[in-house]
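The residues making up each chain are set out below.
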Amino acid sequence: MHHELWNDAAGGFHPVSAPDFLPEAQLREVQLRRLKAVVGRAYEKVPLFRQRLEKRGLTPESMQSLADIAKLPFTVKTDLRDTYPFGLFASPMADVVRLHASSGTTGKPIVVAYTREDVEVWAEVMTRTFAACGLHRGDIVQNAFGYGLFTGGLGAHYGAETLGATVIPISGGNTDRQIMVLRDFGVTAICATPSYFMHLAEKAMEMGVDLKAMPLRVGVFGAEPWSDAMRARIEADTGIKAFDIYGLSEIIGPGVASECSQHEGLHVFEDHFYPEIIDPETGEVLPDGSEGELVLTTLSKKAMPMIRYRTRDITAILPERCGCGRTIRRIRRIGRRSDDMFIIRGVNVYPSQVEAALLNVEGTLPHYQILLTREQGLDQMTVEVEVTPEVFSDKVRALEEVRARLAHAIEHILGIRVGLRLVGPHSIQRSEGKAKRVIDKRNG
Ligand code: DLL
């Protein structure tokens, strides 16, 4: 990798992102070549995968076209748990230069591995991510993704450095110090979970630090769902442009997909990660444009190839060509996972629906939690949401007005009435990383 290849401050065509602009036929050729190689590698090195192929009478030679990928078995999260910690590695430990882990909610974490080459590919896709978000050499990037076993911090770090930007590896948390650094170091871009950035922006406002008057121009946000309403709030409150980036540990970490200047879906770096959309019930591959579960195959990973990994994230591949000129396909922003739905009185509810309803009501702050309880055998849902100091201090009238509007907005979207608790600013616990939106106390 050579520095002069990366972005310059002038913008325009960036050699760094050249793979984003490959003619389609060439892109498909690259994908097929890499698919054959990765299936060969997994077959040779990963017993679980070999057994599954043999069961179906498949060999790596069965991959004659990209469509043949649909013959391959899926990989799911429990495969990682069942082979904990290193059972799916395709490289000897001597070639593994990095491990990360994702905690998950129950039991053992899942462990993921990288060879030196994998780390380079990761830096490349994160560089392409930042380029798509309009960053370049000369930018000063405050990296508030957590450093550690979480992939966010180090993934963004290598990408920003490779781009030639200046990285401040501040990690998450210690909000007062974040604000001091942001102001004193002339930060132009920040990476964080959107919920943590909202918290930071709010704190800055309280401290009398006007983010709109700072050089801060771009926010690179991901690792959790955030609605368009949340984006609108962030941009209006801080004067920055907010970009959505997507990824998951099992595939590489951040760097799987990124928005571009158009903000109309996220480009998948599909020369490295092959996307499919399936019907989550039947497993059948759906045509571009249909909504379903995103399935990803790593095309170049060495230490831990993932074949048809079921992400549980619900989205669609957008078939149209993007206005930015990139030829790599886009996915729609991810609002929900197939496993974060809950059922209240027979109605299917996704947290993202609640968020959309809340944020459209004036006087609310983008900090909320959904509480699920069971009272006398009946499921209850209570939405706890913060309101602005003005609403909160004006105890009765304003509060009642906001409550009525919220109740209406939620009933309009969900079709049911839910409990509401309006609380003052800072009442809901803040996270340095992913926000916890749903607290389910129904069992135990
Ligand atoms: O969250 C990697 C990452 C770090 C992505 C920093 C973006 C920025 P995990 O901890 O393994 O990895 O969690 C992956 O988080 O399957 C999605 O459900 C969710 N997720 C990640 N990005 C987004 C996003 C990282 N932009 C899981 N929108 C994924 C919605 C997201 N959900």
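Residues numbered from 1 in each chain as written. Predicted model: local features only at pLDDT ≥ 70, side-chain atom pairs only at ≥ 80, totals over all residues. Heavy atoms only, no water.

(A) Region of interest: the environment of Leu-318. Structurally, Leu-318 can be placed in strand β12 (residues 309–318). Assessed through its relative accessible area of 14%, Leu-318 is described here as buried. With 27 residues separating them along the chain, Leu-318 and Glu-291 place their C-alpha atoms 9.6 Å apart. Excluding its chain neighbours within four sequence positions, the residues that come into contact with Leu-318 are Glu-264, Gly-265, Arg-330, Ile-331 and Arg-332. (Helix = DSSP H or I, 4+ residues; strand = E, 2+ residues; numbered from the N terminus. Buried < 20%, exposed > 50% of the residue type's maximum accessible area, 1.4 Å probe, protein only. Contact = heavy atoms within 4.5 Å.)

(B) Representation of the packing of aromatic side chains. On inspection of all chains with the given rule, the structure shows 4 aromatic pairs. What links up through ring pairs into an aromatic cluster is the set Phe-197, Phe-221 and Trp-226. Residue placement shows Arg-333 over the ring face of Trp-226; its charged tip is 4.5 Å from the ring centre. The cationic tip of Arg-336 hangs over the ring face of Tyr-350; the distance from NZ or CZ to the ring centre is 4.3 Å. (Phe/Tyr/Trp six-rings, centres within 6.5 Å; stacked < 30°, edge-to-face > 60°. Lys NZ or Arg CZ within 6 Å of the ring centre and 35° of its normal.)

(C) Highlighting the pattern of salt bridges. Here the structure, examined in full by the defined rule, presents 40 salt bridges. Taking the shortest distance from any N to any O, the salt bridge between Arg-217 and Asp-139 comes out at 2.7 Å. Placement of Arg-217 in the loop between α7 (194–206) and β6 (218–222) and of Asp-139 in the loop between α4 (116–132) and β3 (140–143) is noted, with a sequence separation of 78 residues between them. Judged by relative accessible area, Asp-139 falls into the buried class, the value being 2%. With its nearest N and O atoms 3.1 Å apart, the salt bridge here joins Asp-313 to Arg-337. Here the residue Asp-313 occupies a position in strand β12, and Arg-337 occupies one in strand β14 (residues 336–337), the gap between them amounting to 24 residues. (Salt bridge = Lys/Arg side-chain N within 4 Å of Asp/Glu carboxyl O.)

(D) The arrangement of the pairing of β12 in detail. By the criterion of burial, β12 is predominantly enclosed, with 8 of the 10 residues buried. Pairing between strand β11 (residues 291–298) and β12: 5 bridges, direction antiparallel. Directly across from Glu-293, in β12, lies its bridge partner Ile-314. In terms of strand pairing, β12 meets β14 through 2 bridges, oriented antiparallel. Within β14, the position partnered with Ile-314 by the bridge is Arg-336. Both β12 and strand β13 (residues 330–331) contribute to a ladder of 2 bridges, which runs antiparallel. Looking at the pairing, Leu-318 lines up with Arg-330 of β13. (Pairing = 2+ DSSP bridges.)

(E) Here's a closer look at the side chain of Thr-75. With respect to the element layout, Thr-75 can be found in the loop between α2 (47–55) and α3 (77–82). The exposure class assigned to Thr-75 is buried, which follows from its relative accessible area of 7%. Of note is the side chain of Thr-75, whose polar atom sits 2.7 Å from the backbone oxygen of Ile-307. Those residues in contact with Thr-75 that sit more than four places away from it in its chain are Arg-52, Met-306, Ile-307, Arg-308, Tyr-309 and Arg-310. (Polar contact = N/O pair within 3.5 Å; in protein donor to acceptor, adjacent residues only side chain to side chain.)

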